Amino acid sequence: TQLLEQSPQFLSIQEGENLTVYCNSSSVFSSLQWYRQEPGEGPVLLVTVVTGGEVKKLKRLTFQFGDARKDSSLHITAAQPGDTGLYLCAGRENNNNDMRFGAGTRLTVKP
Amino acid sequence: EPEVTQTPSHQVTQMGQEVILRCVPISNHLYFYWYRQILGQKVEFLVSFYNNEISEKSEIFDDQFSVERPDGSNFTLKIRSTKLEDSAMYFCASSEVGRGYGYTFGSGTRLTVV
């Protein structure tokens with residue numbers, strides 16, 4: 001059973017700072033997704049990565065998929081209070097199973 | 001932007017009662033999913049559904065759970081005899097391309113079993 005570990009569990013920073021959160025596993029993933037979840041709402045997809053070493057940018061967010069497709073990182077530049085939320089990674093191990101989620105990193109950006 | 005719609009948003013039920021949670025996936029999506037999230041815990045996979053049959057189910061999805069696509073638009077999750085530990089947010093999701101790509105989630109149904 002694949003296990004996605006996200007770190008840190010909690011992160012509190014000041015507006016304008018940069019940050020990186022991580023998603024790690026011992027499993028190889030055929031695809032990996034990052035989501036953001038607000039309280040009482042469903043996860044909202046940010047990005048899907050499928051190729052080892054792949055880097056995708058979404059405005060101030062940079063997502064990287066590890067070369068071995070076992071890990072991923074999310075880097076936010078110049079964080080803003082609107083970035084506050086729970087950031088979840090979810091991975092699909094192979095073509096026979098579905099996305100499983102990590103426990104998330106809860107980010108708080110203080111003005 | 002297309003949305004996945006879930007009803008009801010909140011449901012309170014007595015232990016042992018049956019509940020049906022309803023979802024309307026995005027119209028051109030072909031893959032459907034149910035996940036749940038117990039308060040303060042992580043999002044857990046329950047079941048995926050494609051071409052009118054279950055593609056995969058987790059160990060949580062035991063005999064008291066069932067899914068159905070009764071018509072061309074609805075996708076339902078039935079819990080036959082609810083237990084206290086079934087209390088959670090239940091999220092429906094759909095995807096166009098396939099399993100592992102671009103899921104759109106609904107806002108969830110908060111189920112409380114008393």
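Everything below is about the structure printed above this text.
Residues numbered from 1 in each chain as written. Chains lettered and ligands numbered in written order. Predicted model: local features only at pLDDT ≥ 70, side-chain atom pairs only at ≥ 80, totals over all residues. Heavy atoms only, no water.

Peer 1: I'd love a proper account of the interface of chain A and chain B, names of residues and values included.
Peer 2: The interface is formed by 23 residues belonging to chain A together with 18 residues belonging to chain B. Between chain A and chain B, roughly 1,700 Å² of surface is buried when both sides are summed, and carbon and sulfur atoms account for 49% of that area. Across the chain A-chain B interface, the total number found is 1 salt bridge. A salt bridge links A:Arg100 to B:Glu56; the shortest N-O distance between them is 3.0 Å. Where chain A packs against chain B, one counts 6 residue pairs in polar contact (both at pLDDT 80 or more). Looking at the side of chain A that touches chain B element by element, the count peaks at 4 residues for strand E4 (residues 31-37) of chain A. (Contact = heavy atoms within 4.5 Å. Buried area = accessible area lost by both parts, 1.4 Å probe. Salt bridge = Lys/Arg side-chain N within 4 Å of Asp/Glu carboxyl O. Polar contact = N/O pair within 3.5 Å; in protein donor to acceptor, adjacent residues only side chain to side chain. Helix = DSSP H or I, 4+ residues; strand = E, 2+ residues; numbered from the N terminus.)

Peer 1: Requested: an account of a nonpolar patch on the surface, with residues and values cited.
Peer 2: Together, A:Val50, B:Val97 and B:Tyr101 make up a nonpolar patch on the protein surface, roughly 250 Å² of accessible area in all. With respect to the element layout, B:Tyr101 can be found in the loop between strand E9 (88-95) and strand E10 (104-105). (Patch = residues over 30% accessible without salt bridge, like charges linked within 9 Å, V, L, I, M, F, W, Y side chains within 5 Å. Areas by Shrake-Rupley, 256 points an atom, 1.4 Å probe, with all protein chains shown as cover.)

Peer 1: An account of the pattern of salt bridges is needed here, citing residue identities and associated values.
Peer 2: All names here are of chain A. This model, assessed by the stated rule, comprises 5 salt bridges over all chains. Between Arg36 and Glu38 there is a salt bridge, and its shortest N-O distance comes to 2.6 Å. Classification of Arg36 as partly exposed rests on a relative accessible area of 22%. Residue class for Glu38 comes out partly exposed when judged on its relative accessible area of 33%. Between Asp83 and Arg60 there is a salt bridge; the shortest N-O distance is 2.9 Å. Remark: Arg60 occurs in the loop between strand E6 (55-58) and strand E7 (61-65) and Asp83 occurs in the loop between strand E8 (71-76) and strand E9 (85-92); sequence separation between them is 23 residues. (Buried < 20%, exposed > 50% of the residue type's maximum accessible area, 1.4 Å probe, protein only.)

Peer 1: Can you break down the sheet that holds strand E7 (residues 65-68) of chain B residue by residue, with the values?
Peer 2: All names here are of chain B. Taking strand neighbours across the sheet as the criterion, the 4 strands line up as E1-E3-E8-E7 in an open arrangement whose pairing is antiparallel. Among the strands making up the open sheet, the edge pair consists of strand E1 (5-7) and E7. On average, each strand axis in the sheet is inclined to that of its neighbour by 20 degrees, with strand direction left out of account. Note: strand E3 (residues 19-24) against strand E8 (residues 75-79), 5 bridges, orientation antiparallel. Opposite Leu21, over in E8, you have Leu77 as the bridge partner. (Pairing = 2+ DSSP bridges. Axes fitted to C-alpha atoms, helices over the stretch in contact; angles between N-to-C directions.)

Peer 1: Go over the state of the cysteines with me, naming the residues and quoting the values.
Peer 2: Evaluated as defined, the whole model comprises 2 disulfides over all chains. The partner cysteine of A:Cys23 in its disulfide is A:Cys89, sulfur to sulfur 2.0 Å. Between A:Cys23 and A:Cys89 the sulfur-sulfur dihedral comes to about 75 degrees; the bridge is accordingly right-handed. Placement of the pair is A:Cys23 in strand E3 (residues 19-24) and A:Cys89 in strand E9, with a sequence separation of 66 residues. Residue A:Cys23 is classed as buried on the basis of its relative accessible area, which comes to 0%. A relative accessible area of 0% means that A:Cys89 is categorised as buried. The side chain of B:Cys23 participates in a disulfide bridge whose partner is B:Cys92; the two sulfur atoms lie 2.0 Å from each other. Note on the B:Cys23 and B:Cys92 pair: the S-S dihedral is about -65 degrees, so by sign convention the disulfide is left-handed. With B:Cys23 in strand E3 and B:Cys92 in strand E9, this residue pair connects regions lying 69 residues apart in the sequence. (Disulfide = S-S within 2.5 Å.)

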